[in-house]
Amino acid sequence: MDTTSTSERPISALEVIDLEVGGMTCASCAARIEKKLNKLDGVEASVNYATEKANVRVPEGVSAEDLIAVVEKTGYTAKLPAPRTPVAGSAPGTSGAATDGANPANPASGGTTPAIDAEDPELRSLRHRVIGAAILSVPVIAMAMIPALQFDYWGFASLTLAAPVVVWAGWPFHRAAWINARHGAATMDTLVSVGTTAAFLWSILALFVGTAGDRGTTHHFSFALERTDGMSNIYLEVAAGVITFVLLGRYFEKRSKRQAGVALRALMEMGAKEVAVLRDGAEQLIPVEQLAVGDEFVVRPGEKIATDGVVVTGSSAVDMSMLTGESVPVEVGEGHEVTGATVNEGGRLVVRATRVGSDTQLARMAKLVEDAQSGKAEIQRLADRVSGIFVPIVFVIAIATFIGWLVFGGSAVMAGTAAVAVLIIACPCALGLATPTALLVGTGRGAQMGVLIKGPEVLESTRRVDTIVLDKTGTVTTGTMTLQDVVPASGTDRATLLRHAGAVEAASEHPIARAIAAGAAEELGRLPEVTDFQNLAGSGVRGTVDGVSVQVGRNIPGADELPADVATALEDARTSGRTAVLVAWDGQVRGLLTVADEVKPTSAEAIAQLRELGLTPVLLTGDHETVARRVAAEVGIDEVIAEVMPEDKVGVIERLQQSGKIVAMVGDGVNDAPALAQADLGLAMGTGTDVAIEAADITLVRGDLMAAVDAIRLSRRTLRTIKGNLFWAFAYNTAAIPVAALGLLNPMLAGAAMAFSSVFVVSNSLRLRGFRSVAREG
């Protein structure tokens, strides 16, 4: 993206633009920026404190430059995000398995998580301030707490040590507080700056005007406030301690937020950097950005596939774990589709590029994850509204605390100290981090497992769903016909029956014929050539194999009466919903073959797991009732809705909803898209069509139902984590403010407790990184 031209041109109507926002220190900052942006006509903005991004919907005539100007006038920085360039991958000629074949985005596969950028300027600056503040604050706090260390004029030594902490280490708080004051606002920085400055200035006054600086003066440390004459006590340990603890909390918070977003960065860092493209029959090494649709390129063993494409020549095993979360390699050959950033583990492949750049599956996955992380769940909007009004309320409480202590006989210093404790303990950082950090980690972990959650509002839907409607073909079943059974008539050899039928069917393009030919080839190896091949309308196909005229079809006119064993097998096939094909030569039926759409190996276990989650499974299909009942019985589904036309699937979902059900729908085809959109929660198989994926709320990159189980479990657990975080944040502030106001909490301990609350919330969210697929747990 050309940031200069983009910022100057008007953005088309209803276009969405992202901004990277700098300078935010708490949720109330995000709330202020969001409020200012939303004051622009027709603009809808959502500012996320955890991701430090603003997602803005703008009407025609509003430019990115206008948005940036508003953010800067509010006292913060903003810029358009820089275009992403793939890094990481191996160049041709080097090993793509630089991490011993491990998948960096999938901890389950043994890979390592990308390291946090130690050279991040903001993180580095924070670390330096934390180290400096800690070194200087430890002796100040020790002298204040241990009377034995209070030598003559120790207060001045404390002042010498504390001054750099308050002025230099605390400068980010004071600067932000001043900027906010100029814009008529107050944030967490205001609370910390006012509180620590007040303690620092009072201590200077007590040292130089009062008796705190006299020779031999001592005082003991107390967890609560005690009545004093005010001018004999200093509070330098409060000023230095609060800044140190808050800086430490902010450092861990910043570091943890970067850890929370590591999955998205890992996705973007997976692509190959260079590619060996074939030009005039020779390999030419070019940057992957120059690869165009239609180009053919070489992928050697151990290299990453540069982009999405189709195998032209060669066969190999491809490690798809970055895409599906499954470590078992997938066999590919000519005509098979492959995905960019997956690793070729076997032979040499020549691949024709079909999608490049932002159209690749990897880029689309990353975009889905980023959109989900930038959005806001309804529960977060409530927290943001509370955070937005919290700071002014805290100032009112602090002023009331100060006045209350004076009214009830407390000294001015005690009143001020209690007010400072209120200001510091009440900071709503944990409240602002509760939802976005859990969302960051949860959606990132989902991406690693092949589960792409489109938006935070999806989490609420997964909690309420009680019925799950499953499309049969391609969802519960593989969607491709396979040879199920071979029944030779008495006196006919099984191998001969399969050889003749397979050879004739190999010349046909019909799905049933392909299934028979594939099954025969798998069992017998190379099939003989067929001559005189004919398609017989309504009667199958005919051809000559090894000099014998063979006919294969559902109906074979002119054949003698069916042998008893074949007739029995035919009836059994019809009863069970399988498709039966007769094979005849020399005027006699020689046997029967059955084919069916095979049930996926994981479907039955997935249905059982969905039931454990409290969901009632319903099978929905356009197939015949008999076929649907067979599949349902095989996987353990009781309720079947069969023989439904594609356009009627929406009606089925609507009827279930009208009966009071909260419905999830899993599908993969174009005909499933309207039903996916109508359902309360739509889950699309990533192996399905783009239309279905666009209509769904969750995309299951893995092509089996266990991914749906993982998606619902992960979504519900993420929601539980959010609620736990919010409970902690609300409970902490609700309990801590009265304690501080009553003088039962030393301001320095208040600063430590406030910092701990933020670290606790982020750490609790990071536990989601340990989420595992139920399939692996079993």
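About the cut-offs
Residues numbered from 1 in each chain as written. Predicted model: local features only at pLDDT ≥ 70, side-chain atom pairs only at ≥ 80, totals over all residues. Heavy atoms only, no water. UniProt positions renumbered as here; feature names shortened; annotations may be inferred. Helix = DSSP H or I, 4+ residues; strand = E, 2+ residues; numbered from the N terminus. Buried < 20%, exposed > 50% of the residue type's maximum accessible area, 1.4 Å probe, protein only. Contact = heavy atoms within 4.5 Å. Areas by Shrake-Rupley, 256 points an atom, 1.4 Å probe, with all protein chains shown as cover. Phe/Tyr/Trp six-rings, centres within 6.5 Å; stacked < 30°, edge-to-face > 60°. Pairing = 2+ DSSP bridges. Expected span 1.5 Å × (residues − 1). Axes fitted to C-alpha atoms, helices over the stretch in contact; angles between N-to-C directions. Salt bridge = Lys/Arg side-chain N within 4 Å of Asp/Glu carboxyl O. Arc of directions from axis to C-beta.

By the naming in an unreviewed UniProt entry, the protein chain goes by Cation-transporting P-type ATPase B and is assigned to Brachybacterium muris UCD-AY4. Annotation of the protein chain in UniProt includes, under Subcellular location (unreviewed entry), the sentence "Cell membrane". Among the UniProt annotations of the protein chain, the heading Catalytic activity (unreviewed entry) holds the following wording: "ATP + H2O = ADP + phosphate + H(+)".

Caption draft 1: Just the overall build of the protein chain, in detail. Within the protein chain one finds 27 helices and 26 strands. Across the 778 residues of the protein chain, 54% fall into the buried class. The long-range share in the protein chain, meaning contacts at least 24 apart out of those at least 6 apart in sequence, stands at 71%. Here the protein chain has roughly 32200 Å² of accessible surface; of this, 56% comes from carbon and sulfur atoms.

Caption draft 2: Representation of the packing of aromatic side chains within the structure. Counted under the stated rule, the structure contains two aromatic pairs. Note on Phe 156 and Phe 208: the rings are 5.4 Å apart at their centroids and 75° apart in plane angle, and the pair reads as edge-to-face. A residue pair is termed long-range when its members are at least 10 positions apart, and Phe 156 in helix H5 (residues 154–169) and Phe 208 in helix H7 (residues 188–208) qualify at 52 residues. A residue is classified by how much of its surface remains accessible, and Phe 156, at 27% relative accessible area, is partly exposed.

Caption draft 3: Region of interest: the sheet that holds strand S10 (residues 330–332). Strands sit in the order S10-S9-S12 across an open sheet of three strands; the sheet is antiparallel. Across the chains shown, the open sheet's two edge strands, defined by having one partner strand only, are S10 and strand S12 (343–344). Here strand S9 (residues 316–319) pairs with S10 via three bridges, running antiparallel. Residue Ser 316 lies in a different strand from S10, and its bridge partner there is Val 332.

Caption draft 4: Geometry of helix H6 (residues 171–182). The terminal C-alpha atoms of H6, which comprises twelve residues, lie 17 Å apart, in line with the 16 Å expected from a rise of 1.5 Å per residue. All of the buried residues in H6 are Phe 173, His 174, Ala 176, Ala 177, Ile 179 and Asn 180. Phi turns positive one or two residues past the end of H6, at Gly 184, with a value near 65°.

Caption draft 5: Quick look at the sheet that holds strand S4 (residues 77–79). Spatial ordering of the open sheet is given by S2-S3-S1-S4, a layout of four strands whose pairing is antiparallel. At either margin of the open sheet sits one strand with a lone partner, and together these are strand S2 (44–48) and S4. Between one strand and the next, the sheet's axes are offset by a mean angle of 25°, whatever the strand orientation. Here S2 pairs with strand S3 (residues 53–58) via five bridges, running antiparallel. Looking across to S3, one finds that Asn 48 is bridged to Lys 53. Sitting on the sheet, helix H3 (residues 64–73) touches strand S1 (15–22), S3 and S4, and the angle it makes with S4 is about 165°.

Caption draft 6: Geometry of the pattern of salt bridges. Inspection of every chain in the model, using the stated rule, returns 16 salt bridges. In this structure, Glu 283 engages Arg 348 in a salt bridge whose closest nitrogen and oxygen atoms are separated by 3.4 Å. Taken together, the residues span a long stretch of sequence, with Glu 283 in strand S6 (residues 282–287) and Arg 348 in the loop between S12 and strand S13 (349–355) at a distance of 65 residues. Judged by relative accessible area, which is 37%, Glu 283 ranks as partly exposed. Here Arg 499 and Asp 546 are joined by a salt bridge, their closest N and O atoms 3.1 Å apart. One end of the pair, Arg 499, is in helix H17 (residues 494–505); the other, Asp 546, is in the loop between strand S18 (540–545) and strand S19 (548–553), with 47 residues separating them in the sequence. When salt bridges with common partners are traced through the structure, they connect Glu 283, Arg 300, Glu 303 and Arg 348 into a single cluster.

Caption draft 7: Here's a closer look at the environment of Phe 245. Within the element layout of this structure, Phe 245 appears in helix H8 (residues 236–260). Each C-alpha atom of the pair Phe 245 and Leu 749 lies 9.0 Å from the other, and the pair is 504 residues apart in sequence.

Caption draft 8: Broad picture of the UniProt feature "transmembrane region" (unreviewed entry) in the protein chain. In the numbering used here, UniProt assigns the feature "transmembrane region" (unreviewed entry) to residues 130–147, 153–171, 191–213, 233–252, 386–408, 414–441, 725–742 and 748–766. The span residues 130–147 is 89% helical and 0% strand by assignment, and the distance between its end C-alpha atoms comes to 26 Å.

Caption draft 9: Fine view of the pairing of S13. Of the pairings in the sheet, the one linking strand S7 (residues 296–299) to S13 comprises four bridges and is antiparallel in character. From the neighbouring strand, Glu 296 faces S13, where its bridge partner is Arg 352.

Caption draft 10: Focus on the environment of Arg 129. Its place among the elements puts Arg 129 in helix H4 (residues 121–145). Of the residues examined, Arg 129 reaches a relative accessible area of 15% and is grouped as buried. Distance in space between the C-alpha atoms of Arg 129 and Tyr 251 is 9.5 Å, their sequence separation being 122 residues.

Caption draft 11: Structural context of H3. For H3, every residue scored as buried is listed here: Ala 64, Leu 67, Ile 68, Val 70 and Val 71. What you see down the axis of H3 is that its buried residues fit within an arc of 160°, all on one side. A positive phi of about 105° marks Gly 75, the residue just after H3.

Caption draft 12: Quick peek at the pairing of strand S5 (residues 274–279). Pairing analysis gives six bridges linking S5 to S6, with the strands arranged antiparallel. Residue pairing across strands places Leu 278 opposite Glu 283, the latter belonging to S6. Following S5, the chain reverses through two residues before pairing antiparallel with S6; Asp 280 in that reversal takes a positive phi of roughly 55°. Bridge analysis of S5 against S7 gives two bridges, and the strand direction is antiparallel. Paired with Val 277 across the strands is Phe 297, a residue of S7.

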